[in-house]
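Here's the letter readout for the chains.
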Amino acid sequence: MSDSRPRRRFLARVAGAAGALLLAGCDRLSRSGWFPPILERAETLTRRAQRLVTSRKSMAQEFTEADLSPGFRSNGTEVPDDARYLAMADSGFADWVLEVGGLVERPLKLTLAQLRQMPARTQITRHDCVEGWSAIGKWTGVPLHEVLARARALPRARYVVFHCADPMEGTEDSKYYESIDMDDAHHPQTILAYALNGAPLPIANGAPVRLRVERQLGYKMAKYVMSVELVDSFAHIGGGHGGYWEDRGYEWYAGI
Ligand SMILES: Nc1nc2c(c(=O)[nH]1)N[C@H]1C(S)=C(S)[C@@H](COP(=O)(O)O)O[C@H]1N2
Ligand SMILES: [Mo]
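Residues numbered from 1 in each chain as written. Chains lettered and ligands numbered in written order. Predicted model: local features only at pLDDT ≥ 70, side-chain atom pairs only at ≥ 80, totals over all residues. Heavy atoms only, no water.

### Observations regarding the overall build of the protein chain
Link 1 in the chain: Per the secondary structure count, the protein chain includes seven helices and ten strands.
Link 2 in the chain: The proportion of buried residues among the 256 residues of the protein chain is 50%.
Link 3 in the chain: Partitioning the intrachain contacts of the protein chain with sequence separation of at least 6 by distance along the chain shows that 70% fall at a separation of at least 24.
Link 4 in the chain: Entry remark: accessible area of the protein chain is about 12500 Å², with carbon and sulfur atoms responsible for 53%. (Helix = DSSP H or I, 4+ residues; strand = E, 2+ residues; numbered from the N terminus. Buried < 20%, exposed > 50% of the residue type's maximum accessible area, 1.4 Å probe, protein only. Contact = heavy atoms within 4.5 Å. Areas by Shrake-Rupley, 256 points an atom, 1.4 Å probe, with all protein chains shown as cover.)

### Some details on the pattern of salt bridges
Link 1 in the chain: Taken as a whole and judged by the stated rule, the model has 14 salt bridges.
Link 2 in the chain: A salt bridge links R152 to E105, with the shortest nitrogen-to-oxygen separation between them at 3.5 Å. Taken as a pair, R152 in the loop between α6 (144–151) and β5 (159–167) and E105 in the loop between β1 (97–102) and β2 (108–111) lie far apart in primary sequence, 47 residues in all.
Link 3 in the chain: Taken together, the salt bridges that share partners define one network made up of R56, D181, D184 and R215. (Salt bridge = Lys/Arg side-chain N within 4 Å of Asp/Glu carboxyl O.)

### As for the nonpolar core
Link 1 in the chain: The biggest cluster of nonpolar side chains holds 49 residues, and the ones touching the most others in it are W96, L98, L115, V147, V160, F162 and L230.
Link 2 in the chain: Counting residues in hydrophobic clusters, the runner-up holds nine residues, among them A135, W139, I191 and L196. (Core = buried A, V, L, I, M, F, W, Y, C linked by side-chain atoms within 4.5 Å.)

### Regarding the sheet that holds β1
Link 1 in the chain: Read across the sheet, five strands follow the order β2-β1-β10-β5-β6 without closing on themselves; strand pairing throughout is mixed. Looking at which strands have only one partner, the edges of the open sheet turn out to be β2 and β6 (175–181). Recorded for the sheet is a direction-independent mean angle of 20° between the axes of neighbouring strands.
Link 2 in the chain: Where β5 meets strand β10 (residues 225–231), six bridges bridge the pair, whose relative direction is antiparallel. When the sheet's bridge partners are listed, V160 is paired in β10 with L230. (Pairing = 2+ DSSP bridges. Axes fitted to C-alpha atoms, helices over the stretch in contact; angles between N-to-C directions.)

### Thoughts on unusual backbone geometry
Link 1 in the chain: Here the amide bond leading from A207 into P208 is cis, since omega sits at 0°, within 30 degrees of zero.
Link 2 in the chain: Structurally, the position occupied by P208 is in the loop between β8 (199–200) and β9 (210–212).
Link 3 in the chain: One non-glycine residue, F93, lies in the positive phi region at around 60°.
Link 4 in the chain: Within the secondary structure, F93 sits in the loop between α4 (83–90) and β1.
Link 5 in the chain: If you check the backbone angles, N197 has positive phi at about 50° while not being a glycine.
Link 6 in the chain: Tracing the sequence through the fold places N197 in the loop between β7 (191–196) and β8.
Link 7 in the chain: Judged by its relative accessible area of 31%, N197 falls in the partly exposed class.

### Points about a nonpolar patch on the surface
Link 1 in the chain: Side chains of V79, L86 and I203 sit close together on the surface and give an oily, nonpolar patch of about 220 Å² of accessible area.
Link 2 in the chain: Within the secondary structure, L86 is located in helix α4. (Patch = residues over 30% accessible without salt bridge, like charges linked within 9 Å, V, L, I, M, F, W, Y side chains within 5 Å.)

### Remarks on the packing of aromatic side chains
Link 1 in the chain: Considering all chains together, one arrives at eleven aromatic pairs under this definition.
Link 2 in the chain: Centroid distance F72 to W133: 6.3 Å. Interplanar angle 80°. Geometry classified as edge-to-face. A residue pair is termed long-range when its members are at least 10 positions apart, and F72 in the loop between α3 (37–53) and α4 and W133 in strand β4 (residues 133–143) qualify at 61 residues.
Link 3 in the chain: Overall, the relative accessible area of 11% leaves W133 in the buried class.
Link 4 in the chain: Put simply, the rings of Y176, Y219, Y244, W245 and Y250 touch in pairs and so form one group of aromatic residues.
Link 5 in the chain: For R248, the ring lying beneath its charged end belongs to Y244, and the centroid distance is 3.7 Å. (Phe/Tyr/Trp six-rings, centres within 6.5 Å; stacked < 30°, edge-to-face > 60°. Lys NZ or Arg CZ within 6 Å of the ring centre and 35° of its normal.)

### Looking at the confidence of the model for the protein chain
Link 1 in the chain: Of all residues in the protein chain, 78% attain a pLDDT of 70 or more, and the chain-wide mean is 86.
Link 2 in the chain: Here helix α2 (residues 26–32) stands out as the element of the protein chain with the lowest mean pLDDT, 41, in contrast to β9, whose mean of 99 is the highest.
Link 3 in the chain: Counting contacts from residues 1–38, a segment whose pLDDT is below 50, to residues more than four positions away or on other chains yields 36 contacts. (pLDDT = per-residue confidence, 0-100.)

### Notes on the pairing of strand β3 (residues 121–129)
Link 1 in the chain: Bridge analysis of β3 against β4 gives nine bridges, and the strand direction is antiparallel. Looking across to β4, one finds that C129 is bridged to W133.
Link 2 in the chain: Turn length for the β3-β4 hairpin, with the two strands adjacent in sequence and antiparallel, is three residues, and the turn residue G132 shows positive phi of about 100°.

### Describing the site of ligand 1
Link 1 in the chain: Looking at ligand 1, there are 21 residues lining it, with R73, N75, D166, N205 and K223 nearest.
Link 2 in the chain: One nitrogen or oxygen atom from the main chain of T77 is found 2.9 Å from an oxygen atom belonging to ligand 1.
Link 3 in the chain: Within the side chain of R210, an N or O atom sits 3.0 Å from an oxygen atom of ligand 1.
Link 4 in the chain: Considering ligand 1 on its own, with 530 Å² of exposed area, one finds that the protein chains cover 99% of that surface.
Link 5 in the chain: Put simply, the parts of the chain that give the shell around ligand 1 at least two residues each are β3 and β5.
Link 6 in the chain: A per-class count over the shell around ligand 1 returns ten nonpolar, seven polar and four charged. (Near = heavy atom within 4 Å. Polar contact = N/O pair within 3.5 Å; in protein donor to acceptor, adjacent residues only side chain to side chain. Nonpolar A, V, L, I, M, F, W, Y, C, P; charged D, E, K, R; others polar.)

As C-alpha cells, this is what we get:
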C-alpha cells in the first residue's frame, strides 16, 4: 500500500501539469483550429492519471452557503438562438418537455412540473471551466438515476447523450450536445438541475434544465437540455466524439 504513494503523487503532478495546458481554453483552441500533439498527449495522460488516482464513485467536494460565489457567471451560450426555445422561454417553459429515449424500455416525456415533483437533491459545488475560471453555486435538481430508473435503461445502453437547444454555428445540425457513461449517470451528484442558488435556473445558466456532473469540467455540464438519449455508441452523433467540444479536440472524460 505505502509503495503506491510516491507514484500517486507523481501522477497527481502529471495531471496538474496537463490541466495547466488545458487552460488554453475553448475559444482560443477553436479559433486557432489546430491541436498541438503535445496537448493531445497531455490530455490522454490526464485521463489515465485520473483513473488511477480517483475512484469513479468518489464524491466531489461540497461546500456551504458561506462559500457561494457572489454571482454565477455564464459561459458559452447565454441565450439560445432558436425560435422554438425562445417561444418556450416566453411562456415560462410551460410547454417544455424533457424527452427520454433511445435504449430504454419506457420512453418518457417529462414536464418541468413533473421533474420538480420527483425526488430532489441540492448540492453546493465548484464549477471549473477550462478557460480558467471557477465559481461555487448551489444546484437543485432531479438525480439522473431517478429518471433512468423510470425509463428503464436497456442493458446494452452505455452512454447518456444530452441534446441541447442552442445552435452553435447557426445551423440546426450543430447544436451543443454532451455525453457521459453509465457510471457518471448513476453517480448521486449527477443531477438535472432546474434551480441555481434557490431560484429557477436563469436562461444564462441553462434554463429550464441543465446537467451537473460534478467531477468533470464545465463543458460537460450541458445547458438547455431538450432530450436525453441512451445509446450504445456515440459514433453516429455529431462529429462522433461524444460532445460539441470533444468534436473539436477536447477530452471526452474531463475529470477534475
Ligand atoms: N448547451 C450548452 N451547454 C454548455 C455550454 C454551451 O455553450 N451550451 N457551455 C459549457 C461551458 S464551456 C461551461 S464552462 C458551462 C458554463 O455554465 P454557465 O453558463 O452556467 O456558467 O456550460 C457548459 N455547457
Ligand atoms: Mo467552460
